[in-house]
Each structure stands twice: as structure tokens, then as C-alpha cells.
Amino acid sequence: MNTKLQELKWKLYKYKYKHLLVWGLKNGFIKLYDDNLIDKLRNIYYGGIPASILLLSDGMSNGYCYDRALLMSKAFLDDEDDVQLVYATIDSLKLNPQFAGKDDPLFADHCIVERITKDGEHLIYDTSSGFVYDKRLYWLMEHPKIRKINKKSSIIEFVKSDEYYHPEDIKRDKYATPLILPMIEMTYGRPTEMYSHIGIELLQREVEHFKKVINYDDVYKEIDDDMKRLGLKR
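Predicted, not measured: the structure shown is a model, and the values here were computed from it.

A. Quick peek at the packing of helix α10 (residues 177–185) against helix α11 (residues 202–214). Two numbers describe how α10 lies on α11: the axes approach to 11 Å, and their chain directions differ by 160°. Here α10 is positioned roughly antiparallel relative to α11, judged by the angle of their axes. The way α10 lies across α11 gives a crossing that is left-handed. Contacts from T177, L181, I184 and E185 in α10 reach L203, V207, E208, F210, K211 and I214 in α11. Of the residues belonging to the contact of α10 with α11, the class tally is six nonpolar, one polar and three charged.

B. Representation of the sheet that holds strand β5 (residues 109–116) within the structure. Pairing within the open sheet is antiparallel, and its six strands lie in the order β1-β7-β6-β5-β4-β8. With one partner strand each, in any of the chains shown, β1 (30–31) and β8 (145–150) form the two edges of the open sheet. In this structure, strand β4 (residues 82–89) lies alongside β5, joined through eight bridges in antiparallel fashion. Directly across from L85, in β5, lies its bridge partner V113.

C. Fine view of unusual backbone geometry. In this model, H143 sits at a positive phi of 45°, which is unusual for a non-glycine residue. With a phi angle near 50°, E201 is a residue other than glycine that sits in the positive phi range. Along the chain, E201 falls in the loop between α10 and α11.

Thresholds, definitions, all that
Residues numbered from 1 in each chain as written. Predicted model: local features only at pLDDT ≥ 70, side-chain atom pairs only at ≥ 80, totals over all residues. Heavy atoms only, no water. Axes fitted to C-alpha atoms, helices over the stretch in contact; angles between N-to-C directions. Helix = DSSP H or I, 4+ residues; strand = E, 2+ residues; numbered from the N terminus. Parallel < 35°, antiparallel > 145°, perpendicular 65-115°, else oblique. Left-handed = near helix turned anticlockwise from the far one by under 90°. Contact = heavy atoms within 4.5 Å. Nonpolar A, V, L, I, M, F, W, Y, C, P; charged D, E, K, R; others polar. Pairing = 2+ DSSP bridges.

In C-alpha cells:
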């Protein structure tokens with residue numbers, strides 16, 4: 001059962017986080033994903049869907065930090081910059097009354113991407129929130145207690161061995177797109193889907209771009225014809 005002290009800690013956390021978020025956005029210490037990053041993510045696939053779509057979609061990212069942080073890290077593996085996956089307990093999970101009393105010792109565990117640019121910038125990519133943070137500000141907001149770090153060399157070795165991280169093969173994954181893309185399109189404009197809001201609309205742009213790349217209408221028709229031939233659709 002939640003105690004009054006737990007509820008107070010959670011309210012204080014949310015108050016502090018909100019104000020630091022607004023301050024960080026106004027002063028350039030928190031940013032949205034930029035076009036250069038999104039362009040790199042277009043060529044990284046997971047289950048036939050480009051990371052540029054998955055990571056711009058809150059519904060496809062929030063709550064899947066281990067997988068999505070790994071996807072994000074792939075965008076920096078060919079750069080001169082250093083990158084690592086950081087596994088840590090964070091306040092937004094640890095203090096959340098929703099998780100109070102959890103038996104799982106890793107209930108507040110989270111995975112983020114730390115990128116150290118060749119200019120010495122330390123940036124944090126949190127795929128659950130969809131923001132890029134100055135590391136100092138992120139630490140002030142979330143007080144991460146680090147459990148484990150996977151360095152760039154380890155990420156490269158893992159990606160090479162993992163069957164799910166492969167170049168797009170539309171023949172192999174063609175049935176995924178007509179199922180997943182409409183689900184994503186239904187989320188446009190929802191409060192949590194900031195990358196689909198009017199004036200931003202990066203999620204819509206990436207979905208339309210991908211549809212052109214794979215000739216989506218032809219793929220959809222091929223699948224429709226396959227289902228009719230198998231008697232699964234009239």
C-alpha cells in the first residue's frame with residue numbers, strides 16, 4: 001500500500017521534473033531528435049520497420065527501453081563519437097507509486113544511450129521519453145544509479161550476432177508493415193505522441209517516406225491477394 005511519504009516524494013519528483021524539462025527545452029539542454037539522427041535511423045530495421053518510425057512513436061518505444069536503446073545506439077556505431085548503453089535505476093520508476101511493493105529488484109531499471117561526441121559533449125538519449133538530454137541535466141532530473149554499462153565494442157559484437165537486427169528484407173517481413181503501420185497511424189495526435197503533433201509531424205513524415213520506399217500499396221495488394229488465394233479473405 002502506498003504511504004503518504006511515497007505519494008509526497010512522487011509529487012515532488014513530478015514538480016521538479018516538469019520545471020527542469022521546461023527549462024531544459026527553453027535553454028537547449030533538452031532537444032528533440034534532429035533530421036540528421038532520423039536520417040540514420042531510416043537505415044536501421046527491427047522486424048521490417050525502420051527505427052526512424054519505431055523511435056518516433058511513443059507507443060512503440062515507451063516501455064521497451066532495452067530494445068529501443070539498442071536500436072538508437074546503432075545510429076552512432078559508425079561515427080567517431082563514443083557510445084554506450086547505460087543500465088540504471090531512475091527516479092521516474094523508483095518513486096512511481098504504481099510500482100510500489102514490486103518484488104522484482106529490477107522494477108526501476110532503465111536503459112539509456114550515452115553518446116560522447118568528438119567535441120566532448122555528453123548526451124543522453126532516452127527512448128522512452130523521446131528526448132536528447134545534456135547528461136548533467138538528466139542526472140539532476142533522474143538521479144540514475146548505474147547497474148551496468150555496455151561499451152561500444154560490446155554493442156557492435158551483439159548487433160552482429162543478433163538475428164533481429166538485419167537489413168530490411170520486405171519479402172521476409174512484408175506481413176508486418178500492413179499490420180503495424182495502421183496501428184501507428186491511429187495514434188497520430190494523441191497527447192503522448194509528441195512527434196505527430198501539428199507543427200512537428202515527424203512521425204507522419206517517416207511513415208509516408210517508408211511507404212514510398214517499399215511501394216506499400218503494392219505490398220498491401222500482394223498480401224491481400226495471398227490471403228484470398230488461401231481462403232482467408234473474400
